[in-house]
Amino acid sequence: MQKQQANITDKIIAEISELLANEKSYQHVLSSMCTPPKDIIRTIAGLFAEINLGDPGLFPKAVEMEQDVLAELASLLNAPQGWVGTITSGGSESNLLGCWAARHWARKKKKIQKGTILLPLSAHVSFEKARDILDVKAKWIGLDEHFQMDITRVQEAITKDTFGIVGIAGTTGTGVCDNIKALSDLAEDHELFLHVDAAHGGTIFPFLSELGLSAPSFAFENPGVKSIGVDTHKMMGGLIPGGSIIFREKTYTEAIAKNISYLSDSSTQQLTVTGTRPGNSVIASWVLLKKLGREYMLERVRSCMENTAYFVHQLEQLEEIKLPFQPTINIIGFRCTSIANEELAMNLRKKGWALSIYDQWLRIVVMPHVSKETIDLFVADLKKSIQGER
Ligand SMILES: Cc1ncc(COP(=O)(O)O)c(C=O)c1O
């Protein structure tokens, strides 16, 4: 009987493997902020697949593990005593929650019903979704020469209708960290809610100074910062889906917190948009942060930064390749003086590479799966594409 079952499983897995055989393997993926998980994380995905954090009364130990994960993240973010948080489905949900908290706070504290939130032009598309869902107004602020939200323009844009500011710690297109300290000062001066989207940068910036690299101040050490989103399924290497949001104080979650009376523990309060939530993703993060710990993250960030520097060096050897910015984290932009971005991207895609066009450049994210060997292969294909070989 057991043997028969094993045969059926093998057959189904073989069928699925065949179905997915032509999906991109991460080996040639230079466009993603996700990366294949370690073996132990894959095992956890299967072993603890039934744990639902949307019904905490059934899984009290897993709930404790979620609090452990949040405490680790809160400590990376210099969160003060009294912080509260939740694991989310990723950066988009965390940004929606941050804006939701800001809107409620503005309605209560500033009596602004449908105010305006200021966002950098570099903000992720999830903020457009948040604007539409929350029915607030958004004003996009241009960037300065460092690709940061232009502080003078932020200052000029603040009116009595403004209730919040969003700063990005590690933008999608350049990896740049906005000047969170200056935004925090403005938020304090004008009584505004500052949400920081550190979906990607939140698990990179806290490790840079220990690696001898320059590290911006992006977190709760800046008093204007009221909430920060950090993803666990990006640089950390946790299971998809996984993100988090930490609030400076419980008061900011007033609007979000909902009692769910029908669950096994009727005192359950959810801080998420989603109800049912995967426990295996949280347990995976617990292993990464509590068991593998700081050494694991440091080494990951170190090797990605080293490979980014190597990648940049290789690109700089090519006369036709120009970099619009010097990477501060593991995101590189480049363009070619002799071929349009679209054509170059198409040529490289034909050679099997996944990379994105962002604004005026081709964008690469140097995640842990992007090794020096991969970089060499890519640069060889890039040279061929520049020379007109299809
Ligand atoms: C800065 C930033 N914020 C938010 C997100 C959205 O994250 P998710 O895809 O996990 O919803 C991304 C995704 O790349 C991002 O780069």
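Residues numbered from 1 in each chain as written. Predicted model: local features only at pLDDT ≥ 70, side-chain atom pairs only at ≥ 80, totals over all residues. Heavy atoms only, no water.

J.: Any chance you could explain the site of the ligand here in plain terms?
T.: Around the ligand lies a shell of 13 residues, among which Ser92, Thr172, Asp197, His233 and Lys234 are the nearest. Within the side chain of threonine 172, an N or O atom sits 2.8 Å from an oxygen atom of the ligand. A distance of 3.0 Å separates an oxygen atom of the ligand from a polar side-chain atom of lysine 234. For the ligand, the protein covers 83% of the area, taking 390 Å² as the surface of the free molecule. Mapping the ligand onto the cavity grids shows that it belongs to the second largest pocket. (Near = heavy atom within 4 Å. Polar contact = N/O pair within 3.5 Å; in protein donor to acceptor, adjacent residues only side chain to side chain. Areas by Shrake-Rupley, 256 points an atom, 1.4 Å probe, with all protein chains shown as cover. 1 Å grid on protein atoms, 1.4 Å probe; cavity = no way out; pocket = protein on both sides within 12 Å on 5 of 7 lines; lining within 4 Å. Sits in = over half its atoms within 2 Å of the grid points.)

J.: Got a minute to help me understand the domain arrangement of the chain in this structure?
T.: Interfaces are often sized by the accessible area lost when the parts come together. Assigned domains of the chain: these are domain 1 (9–38 + 294–386) and domain 2 (42–290). When each unit is reduced to the centre of its C-alpha atoms, the spacing between domain 1 and domain 2 is 27 Å. In this assembly, 27 residues from domain 1 lie in contact with 28 residues from domain 2. Carbon and sulfur atoms make up 69% of the surface buried where domain 1 meets domain 2, a total of about 2600 Å² over both sides. Inspection of the domain 1/domain 2 interface yields one salt bridge. A salt bridge links arginine 294 to glutamate 210; its shortest N-O distance comes to 2.9 Å. (Domains from an automatic or database assignment. Contact = heavy atoms within 4.5 Å. Buried area = accessible area lost by both parts, 1.4 Å probe. Salt bridge = Lys/Arg side-chain N within 4 Å of Asp/Glu carboxyl O.)

J.: What should I look at first to understand the layout of surface pockets in this one?
T.: Leftover empty space is mapped by rolling, across the atoms, a probe with the size of a water molecule. There is about 470 Å³ of room inside the largest pocket. Together, 21 residues line the largest pocket, and Gln67, Gly85, Gln269, Gln270 and Leu271 are the ones closest to its centre. Put simply, the parts of the chain that give the lining of the largest pocket at least two residues each are α3 (60–76), β1 (84–88) and β9 (269–270). Taken together, the residues of the lining of the largest pocket sort by class into seven nonpolar, nine polar and five charged. In this structure, the second largest pocket occupies an estimated 250 Å³ of space. Surrounding the second largest pocket, 17 residues form its lining, Met33, His124, Thr172, Ala199 and Lys234 being those nearest its centre. A per-element tally of the lining of the second largest pocket places helix α4 (residues 91–110) first, with three residues. (Points joined across faces, edges and corners; volume = space filled by probe spheres on them. Helix = DSSP H or I, 4+ residues; strand = E, 2+ residues; numbered from the N terminus. Nonpolar A, V, L, I, M, F, W, Y, C, P; charged D, E, K, R; others polar.)

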